[in-house]
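# Observations on chain architecture
What follows is the residue order along each chain.
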Amino acid sequence: MEKYLDLANWARRDLFEFFIGFDKPYFNICARLDITNLLALLRRRANVSVSLAYHYFALRIANEIEPFRYRLREGKVIVHDVINGGTTVLLANDSYTFAYFDYEEDFEKFVLEAGRAVKEAQTGNHPFKPTNRDDTVYFTVLPWVSFTSFSHARNWGREDSVPRIAFGKFTKENDRILLPISVEVHHALMDGLHVGQYLARLEEALKKPEDYIV
């Protein structure tokens, strides 16, 4: 169940009040994740989508880091118990749409349900209608570009505080496979410290994916 954050006693209250009025209150950090061990594990499970696998890890760790569950709502801060996911899906006509899926701690269940959502988005004849729910993380994938910087389109006229995470094209370096990642968040809700914690936990999980995929 969602709840309101106690702003009066929040250690970041001054930072919240400072950044909330910015015209562009978002910041973006790009990094590269070592997914060598994840790919090695998935080679023994050819039926599992690599893309959905790293979506699982990214969403699981986002749920672990509390500020990633903060959202702005009418000048207050909501704390969601659980946040879910949405990702871009490329269509046959070179356009794209969105697929939305719930977070599941169980890897097999997540991949199954998210895979169904992606397939429905690819094959269905639904109107392009992005969700208005804020209990999500927006994902996108650019498998053609190993980017080192990234910026998202934004609507400055509304309280948009949903984190945006982008993945890029794999690269190989010293026998390791690296995945570019971009994390964009609202500075009124979190700082570089929290994004750093997120990326560190994600790196840690990807080093031992067998702890999550049984």
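What comes next is a walk through the structure. Everything numeric here is computed off the predicted structure, so don't read it as measured data.

On to the environment of Leu193. Positionally, Leu193 belongs in helix H5 (residues 192-207). Placed 165 residues apart in sequence, Leu193 and Asn28 show a C-alpha to C-alpha distance of 13 Å.

With that settled, consider the packing of aromatic side chains. The tally for this structure, following the rule as stated, stands at 17 aromatic pairs. With a centroid separation of 4.6 Å and 55° between ring planes, the pair formed by Tyr54 and Phe167 is classed as tilted. Taken together, the residues Tyr54 in helix H3 (residues 50-64) and Phe167 in strand S8 (residues 164-167) connect sequence positions 113 residues apart. The same class applies to Tyr54 as to Phe167, namely buried. With a centroid separation of 6.4 Å and 70° between ring planes, the pair formed by Tyr54 and Phe170 is classed as edge-to-face.

Turning our eyes to something else, we now look at the sheet that holds strand S4 (residues 76-79). Reading across from one edge, S1-S4-S3 is the order of the three strands in this open sheet, with antiparallel pairing throughout. If you trace the sheet from one side to the other, it starts and ends with strand S1 (3-4) and strand S3 (70-73), each paired once.

To continue, consider the packing of H3 against H5. Two numbers describe a pair of packed helices, the interaxial angle and the distance between the axes. It is the contact of H3 with H5, at a shortest axis distance of 9 Å, that shows an interaxial angle of 130°. Classified by the angle their axes make, H3 and H5 are oblique. The hand of the H3/H5 crossing is right-handed. Of H5, the residues touching H3 (which contributes Phe57, Ala58, Ile61, Ala62 and Glu64) are Tyr198, Arg201, Leu202, Ala205 and Leu206. Looking at the contact of H3 with H5 residue by residue, the classes come out as eight nonpolar, no polar and two charged.

What follows is about helix H4 (residues 107-123). For H4, which comprises 17 residues, the first-to-last C-alpha distance of 24 Å matches the rise-based estimate of 24 Å (1.5 Å per residue) to within 8%. Taken as a whole, H4 has its buried residues at Phe107, Phe110, Val111, Ala114, Ala117, Val118 and Ala121. The arc enclosing the buried residues of H4, seen along the axis, measures out at 135°, which places them on a common side. Those residues of H4 that are exposed and aimed more than 90 degrees away from the buried face are Lys119 and Thr123. Lining the buried residues of H4 we find H3, strand S5 (84-90) and strand S6 (96-101). Where H4 starts, the residue carrying a side-chain oxygen 3.2 Å from the main-chain nitrogen of Glu108 turns out to be Asp106.

Another aspect to go through is unusual backbone geometry. With the exception of glycine, most residues fall at negative phi, and the peptide bonds are largely trans. The phi dihedral of Asn174 is positive, around 55°, even though this residue is not glycine. With relative accessibility at 69%, the residue Asn174 sits in the exposed group. In this structure, Asp175 takes a positive phi of about 70° despite not being glycine. Among the secondary structure elements, Asp175 is positioned in the loop between strand S9 (171-173) and strand S10 (176-186).

Here we take up the pattern of salt bridges. Scanning all chains against the criterion turns up 17 salt bridges. Put simply, Glu184 and Arg154 hold a salt bridge, and the shortest N to O gap is 3.0 Å. Of this pair, Glu184 sits in strand S10 while Arg154 sits in the loop between strand S7 (136-141) and S8, and the two are 30 residues apart along the sequence. Shared partners join several salt bridges into a network, and the residues in it are Arg60, Glu64, Glu105, Arg201 and Glu204.

Cut-offs and rules
Residues numbered from 1 in each chain as written. Predicted model: local features only at pLDDT ≥ 70, side-chain atom pairs only at ≥ 80, totals over all residues. Heavy atoms only, no water. Helix = DSSP H or I, 4+ residues; strand = E, 2+ residues; numbered from the N terminus. Phe/Tyr/Trp six-rings, centres within 6.5 Å; stacked < 30°, edge-to-face > 60°. Buried < 20%, exposed > 50% of the residue type's maximum accessible area, 1.4 Å probe, protein only. Pairing = 2+ DSSP bridges. Axes fitted to C-alpha atoms, helices over the stretch in contact; angles between N-to-C directions. Parallel < 35°, antiparallel > 145°, perpendicular 65-115°, else oblique. Left-handed = near helix turned anticlockwise from the far one by under 90°. Contact = heavy atoms within 4.5 Å. Nonpolar A, V, L, I, M, F, W, Y, C, P; charged D, E, K, R; others polar. Expected span 1.5 Å × (residues − 1). Arc of directions from axis to C-beta. Polar contact = N/O pair within 3.5 Å; in protein donor to acceptor, adjacent residues only side chain to side chain. Salt bridge = Lys/Arg side-chain N within 4 Å of Asp/Glu carboxyl O.

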